[in-house]
Amino acid sequence: MRVRAQMSMLFHLDKCIGCHTCSVACKNLWTDREGAEYMWWNNVETRPGTGYPVGWEDQDHYKGGWKRDKKGKLKLTLHSKGGGVAKAFYNPSLPELEDYYDPFTFKYGDLFTGPAQEQQATAIPISKITGQPVEISSGPNWDDDLGGSDTYAKNDVSMQGVTQEVRAQMEELERVVMNYLPRICNHCLNPACVGACPSGAIYKRAEDGVVLVNEDKCRGWRQCVSACPYKKVYYNWTTGKSEKCILCFPRMETGQAPACAHSCVGRIRYMGVLLYDADKIEEMASSPEDELLQAQMDMILDPNDPQVIAAAKASGIDDGWMDSARRSPVYRFVKDWGLALPLHPEYRTGAMMFYIPPLSPIVSTIEEGLVRLDLPSERRDFELLDELDKARMPVQYLANLFSIGDQEPIRHILKKMLSVRSYKRRQSVDNAATGQVDQATIDMLADAGLDEQMAEDIYRLTTLPTIEDRFVFPPYHREVAIEELNDPLSAKGSTGFGYLASPKRGA
Amino acid sequence: MTSNDFLFGVIPYVVGVLAIIVTILRWRMRQFTVSSLSSQLLESRKLYWGSIPFHWGLSIILTLHFIALIIPQAFELWNGAPLRLYLLEITGLALGLWALFGICVLIWRRYSDQRVMTVTTKSDLLVLGVVLVQIITGVWIAIGYRWGSYWGTAVFVPYVRSLFYFQPNPDLVAALPWVLKTHVLSFFAFLAVFPFTRLVHIITLPLQYFARPWQKVVANRTPSTPDFEPNTTGGSRAPVVVGADDSRV
Ligand code: SF4
Ligand code: SF4
């Protein structure tokens, strides 16, 4: 067992309000500069929808991720090594700017400098690339809140397998449903971007699992952009280098949460250490499709297990990190409570960001002008346990996003979440005076795989966490690492360890 | 010194030294600037018709040139039978025309697409100009001075050898027609601009890809176990130590 640590983020989708604060925080910090205007290392998309870049989940088109060949061997979907080199001159699977959008701004100056006239002056949109006027026809969240669902929601790749009946239902105004899906780079265990880079410029950091592009080594072959099934590597058109989410490692190294997580208005994001066994990566990534999700969840090791602790020590993980791993809120949600899943595990990259699938209202019908919940009247206390199919968000759809089309894990999670809800409702509303619940409620919890303590903990970490509960960062000891590589005193009086030359486009 | 002596006896050394030294310096001190500077993200359709013929046509022809200059015997042997000579000539001409088509598309693309024009620098145009002259004179020679693969080795090999042995003999090419001279001189121009422009990406052809495992893991700290190799780079300014690559998937 070779134990390694991974900084992981958990997204509680039930809490996301789709405010895009995270995206803007990230943009202001990292991508507000020439060549990067179109990049959203963090983006929030409305689902059902085609996301950003448009249709990124369509791997027949973009060829992202890995696949298992007939002999059970793992292969990049994009290319063999020879193909990767040969296709450097032209990469047929590369998204074009139109698949993202032509970044635009407005000619605000015209408002002040325009000639005096009858009508109020307007600021026309111009392209941030060419500076020429553009007709804005798409954007990173063009289909926000189901805008244009005739084109976008309808063409959602993950709708496959959702019955026509349910789909038709979703188009009715009364039954329409959506949820938000914030996405960053998944800092995968078996990253396809790393595998596809012919120059070997992308790598995974051993100590915290952050996947980074070494831009000094990047030669702009763009294979990573295609190979990442989540489309989270972006090509900077002015510097000619690839860029991606860096999980705000400079912030984490100083004990601060990444900008997106820190600014999250819905407080949906949690961060903490997960431990995994590096020896199992290949085996996990090449498991057959029906065992894949389980194999990935099994990769994550229990930081309280004496065997793991010994192995971690042998692998050079320091005690501070182990302590942090034991307090990790992500571990609690993912392993202790089994509430979270990775996004599209079928891409076989071992995505390390986890999602708690959202609950949704019950399908209702309009009857004589009244909205009626489609549930037997004696069961109106949201006890949906046996009626998950009545949830507006089709379970199959969530399963396509998070569990390779298998509804079972999703049902399991939704059940847990609903029973925690019912439990708290009975405790604090129905029996507010005593705060006690009846045996039936406890049975309901047990049925979902929980006990009272767990339900209470889930409730607390979901609704009442402080910032210290949400973000548990290990001590990075970056100063030690730097001393091993550089003599800090030799840099005395200089302007830091960063770029020796500014990151400008070469000739 | 005649102008011929200067152009074919001095210039090759100047551009050769320039190409080597500046490339090394740029690689060591300004590696960030070394990139293919692809503009495929901004425009893809025309690039398809331009880039593939241009790159493949030129790489194959350039390789054939080098083979002819380094092991001329190979060409002499191959051309022993007239049929094979025809075949080689036709292939060469076809590749030249293919590359010519490619570069024309690329030039048209630069000027017709607003976005590509935005990222176009003077140095890009210089590169296109130099390579265009090379391709045009090359195709011209293939048509106007036929059987180049046959006489070429006899004319150029002694000259190139004289350069490599540091006993330059520019007289060997003094009597050549101007088209041939231009073809050679444009190669010198190519070498001269090589280290200063995007052409430098030619040396980054990522052959090391074949040798490495798919995954790459790097450690910032030297862990206490042999899991990762310890830092042996000494005073390196590199912020990372390349550790053991793993997960040989
Ligand atoms: S999600 Fe991130 S780590 Fe995973 S393949 Fe994409 S860019 Fe690489
Ligand atoms: S800031 Fe938080 S709540 Fe707002 S969109 Fe982003 S993830 Fe959702």
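Residues numbered from 1 in each chain as written. Chains lettered and ligands numbered in written order. Predicted model: local features only at pLDDT ≥ 70, side-chain atom pairs only at ≥ 80, totals over all residues. Heavy atoms only, no water.

A. Region of the structure containing the overall build of chain B. Secondary structure assignment for chain B yields nine helices and two strands. Listed N to C, the secondary structure of chain B is α-α-α-α-α-α-α-α-α-β-β in terms of helices and strands. Within the span of chain B, comprising 249 residues, buried residues form 45% of the whole. Sequence separation of at least 24 residues holds for 76% of the intrachain contacts in chain B that already meet a minimum separation of 6. When the accessible surface of chain B is split by element, carbon and sulfur atoms take 73% of a total near 13,100 Å². (Helix = DSSP H or I, 4+ residues; strand = E, 2+ residues; numbered from the N terminus. Buried < 20%, exposed > 50% of the residue type's maximum accessible area, 1.4 Å probe, protein only. Contact = heavy atoms within 4.5 Å. Areas by Shrake-Rupley, 256 points an atom, 1.4 Å probe, with all protein chains shown as cover.)

B. Quick peek at the overall build of chain A. In terms of helices and strands, chain A carries 21 helices and 17 strands. A compact globule built from 507 residues would reach a C-alpha radius of gyration of about 23 Å, and chain A, at 24 Å, matches this within 12%. Considered along the principal axes of its C-alpha atoms, chain A spans approximately 75 × 75 × 50 Å. In chain A, which comprises 507 residues, the share counted as buried stands at 57%. Sequence-distant contacts in chain A: of pairs separated by 6 or more residues, those separated by 24 or more amount to 71%. Split by element, the accessible area of chain A, about 21,200 Å² in all, is 51% carbon and sulfur. Taking the average location of the 58 positive side-chain charges in chain A and that of its 71 negative ones, the two points are 6 Å from each other. (Rg over C-alpha atoms; globule rule 2.2 N^0.38 Å. Lys, Arg positive; Asp, Glu negative; His and termini not counted. Charge placed at Lys NZ, Arg CZ, Asp CG, Glu CD.)

C. Local environment of the site of ligand 2. Taken together, the neighbourhood of ligand 2 is formed by 14 residues, with A:Cys16, A:Cys19, A:His20, A:Cys22 and A:Cys264 sitting nearest. A breakdown of the residues in the shell around ligand 2 according to their chemical character gives nine nonpolar, four polar and one charged. (Near = heavy atom within 4 Å. Nonpolar A, V, L, I, M, F, W, Y, C, P; charged D, E, K, R; others polar.)

D. Examining the packing of helix 4 (residues 82-112) of chain B against helix 7 (residues 148-164) of chain B more closely. All names here are of chain B. With their axes 9 Å apart at the nearest point, helix 4 and helix 7 run at an angle of 90° to one another. Here helix 4 lies roughly perpendicular to helix 7, going by the angle between them. Between helix 4 and helix 7, the residues in contact are Leu 85, Leu 88 and Glu 89 and Gly 148, Ser 149 and Tyr 150, respectively. Tallied by class, residues from the contact of helix 4 with helix 7 come to three nonpolar, two polar and one charged. (Axes fitted to C-alpha atoms, helices over the stretch in contact; angles between N-to-C directions. Parallel < 35°, antiparallel > 145°, perpendicular 65-115°, else oblique.)

E. View of the pairing of strand 12 (residues 269-277) of chain A. Residue and element names in this part refer to chain A. Of all nine residues making up strand 12, nine are buried, and the element is well covered by its neighbours. As paired elements, strand 1 (residues 3-12) and strand 12 share nine bridges and run antiparallel to each other. Residue pairing in the sheet places Phe 11 in a bridge with Arg 269 of strand 12. Note that strand 12 and strand 13 (residues 300-301) share two bridges and pair antiparallel. Along strand 13, the bridge assignment pairs Tyr 276 with Ile 300. (Pairing = 2+ DSSP bridges.)

F. Main features of the pattern of salt bridges. All names here are of chain B. Going through the model one piece at a time under the given rule, you end up with 22 salt bridges over all chains. Salt-bridge contacts for Asp 124 lead to Arg 198; the nearest nitrogen and oxygen are separated by 3.1 Å. Residue Asp 124 is found in helix 6 (residues 122-144), and its partner Arg 198 is found in the loop between helix 9 (178-193) and strand 1 (217-219); the two are separated by 74 residues along the sequence. Each member of the pair, Asp 124 as well as Arg 198, is classed as buried. (Salt bridge = Lys/Arg side-chain N within 4 Å of Asp/Glu carboxyl O.)

G. Summary view of the side chain of A:Asn43. Residue and element names in this part refer to chain A. Here Asn 43 lies in strand 2 (residues 43-47). On the basis of relative accessible area, Asn 43 is assigned to the buried category, the value being 2%. One polar contact links Asn 43 to Lys 232, side chain to side chain, over a distance of 2.7 Å. Filtering out sequence-adjacent residues up to four positions away, Asn 43 remains in contact with Ser 23, Tyr 52, Leu 181, Pro 182, Arg 183 and Lys 232. (Polar contact = N/O pair within 3.5 Å; in protein donor to acceptor, adjacent residues only side chain to side chain.)

H. Looking closely at the site of ligand 1. Around ligand 1, the neighbouring residues are A:Cys185, A:Asn186, A:His187, A:Cys188, A:Pro191, A:Ala192, A:Cys193, A:Val211, A:Cys228, A:Tyr230, A:Val233 and A:Lys244. Along the lines of polarity and charge, the residues of the shell around ligand 1 split into nine nonpolar, two polar and one charged.

I. Seen up close, the packing of aromatic side chains. In the structure shown here, the tally under the stated rule is 28 aromatic pairs over all chains. Pairing A:Phe89 with B:Trp56 gives two aromatic rings, centres 5.5 Å apart and planes at 80°, and the pair type is edge-to-face. Separated into two different chains, A:Phe89 in the loop between helix 3 (81-86) and helix 4 (97-100) and B:Trp56 in helix 2 (residues 45-70) make up a pair that spans both. Ring geometry for A:Tyr355 against A:Phe402: centres 5.6 Å apart, planes inclined by 35°, an arrangement best described as tilted. Linking A:Tyr355 in strand 15 (residues 354-356) with A:Phe402 in helix 16 (residues 395-402), this pair joins segments that are 47 residues apart in sequence. You can call A:Phe402 buried: its relative accessible area is 0%. (Phe/Tyr/Trp six-rings, centres within 6.5 Å; stacked < 30°, edge-to-face > 60°.)

J. Up close: the state of the cysteines. Residue and element names in this part refer to chain A. Throughout the structure, instances matching the rule amount to zero disulfides over all chains. In this model Cys 197 remains outside any disulfide bridge; the closest cysteine sulfur is found in Cys 224, 6.3 Å from its own. Residue classification places Cys 197 among the buried positions, given a relative accessible area of 8%. (Disulfide = S-S within 2.5 Å.)

K. Inspection of the environment of B:Tyr48 at higher detail. Secondary-structure assignment places B:Tyr48 in helix 2. We classify B:Tyr48 as partly exposed; its relative accessible area is 38%. Taking C-alpha positions, B:Tyr48 is 9.5 Å from B:Leu106, a pair spaced 58 residues apart along the chain. Aside from chain neighbours lying at most four places away, what touches B:Tyr48 is A:Tyr90 and B:Pro53.

L. Just the interface of chain B and chain A, in detail. Counting residues at the interface gives 67 residues for chain B and 75 residues for chain A. Carbon and sulfur atoms supply 56% of the area that chain B and chain A bury against each other, a total of about 6,400 Å² over both sides. Linking chain B to chain A there are two salt bridges. One salt bridge connects A:Glu98 with B:Arg115, and the closest N-O pair in it is separated by 2.4 Å. (Buried area = accessible area lost by both parts, 1.4 Å probe.)

M. Structural context of helix 6 of chain B. With 23 residues, helix 6 of chain B ought to run about 33 Å at 1.5 Å a step, and its terminal C-alpha atoms sit 32 Å apart, in line with that. Those residues of helix 6 of chain B that sit buried are B:Ser123, B:Asp124, B:Val127, B:Leu128, B:Val130, B:Val131, B:Gln134, B:Ile135, B:Thr137, B:Val139 and B:Ile141. (Expected span 1.5 Å × (residues − 1).)

N. Expanded view of the nonpolar core. Ranked by size, the top nonpolar core spans 141 residues in total, and within it A:Tyr38, A:Leu275 and A:Phe402 carry the most contacts. At seven residues, helix 17 (residues 407-430) of chain A tops the list of elements feeding residues into this core. Excluding its chain neighbours within four sequence positions, the residues that come into contact with A:Tyr38 are A:Lys27, A:Tyr52, A:Leu97, A:Tyr100, A:Tyr101, A:Pro103, A:Tyr234, A:Tyr235, A:Trp237 and B:Leu41. With 18 residues, the next largest nonpolar core counts B:Leu47, B:Ile103, B:Val139 and B:Leu199 among its residues. (Core = buried A, V, L, I, M, F, W, Y, C linked by side-chain atoms within 4.5 Å.)

O. Structural detail: the sheet that holds strand 13 of chain A. Overall, mixed pairing links the five strands, which are arranged 13-12-1-15-14 (chain A) in an open sheet. Two strands bound the open sheet, and with one partner strand each, they are strand 13 and strand 14 (341-342) of chain A.

P. Main features of the side chain of B:Lys46. Residue and element names in this part refer to chain B. Topologically, Lys 46 is positioned in helix 2. No salt bridge is formed by the buried Lys 46; the nearest opposite charge belongs to Asp 113, separated by 4.6 Å. Side-chain polar atoms of Lys 46 contact the side chain of Ser 112, separated by 2.8 Å.

Q. Representation of the packing of helix 2 of chain B against helix 4 of chain B within the structure. All names here are of chain B. One way to put it is that helix 2 packs onto helix 4 with a least axis distance of 7 Å and a crossing angle of 140°. As far as their axial angle goes, helix 4 and helix 2 are oblique. Our pair here, helix 2 against helix 4, has a crossing hand that is left-handed. A breakdown of the residues in the contact of helix 2 with helix 4 according to their chemical character gives 17 nonpolar, seven polar and two charged. (Left-handed = near helix turned anticlockwise from the far one by under 90°.)

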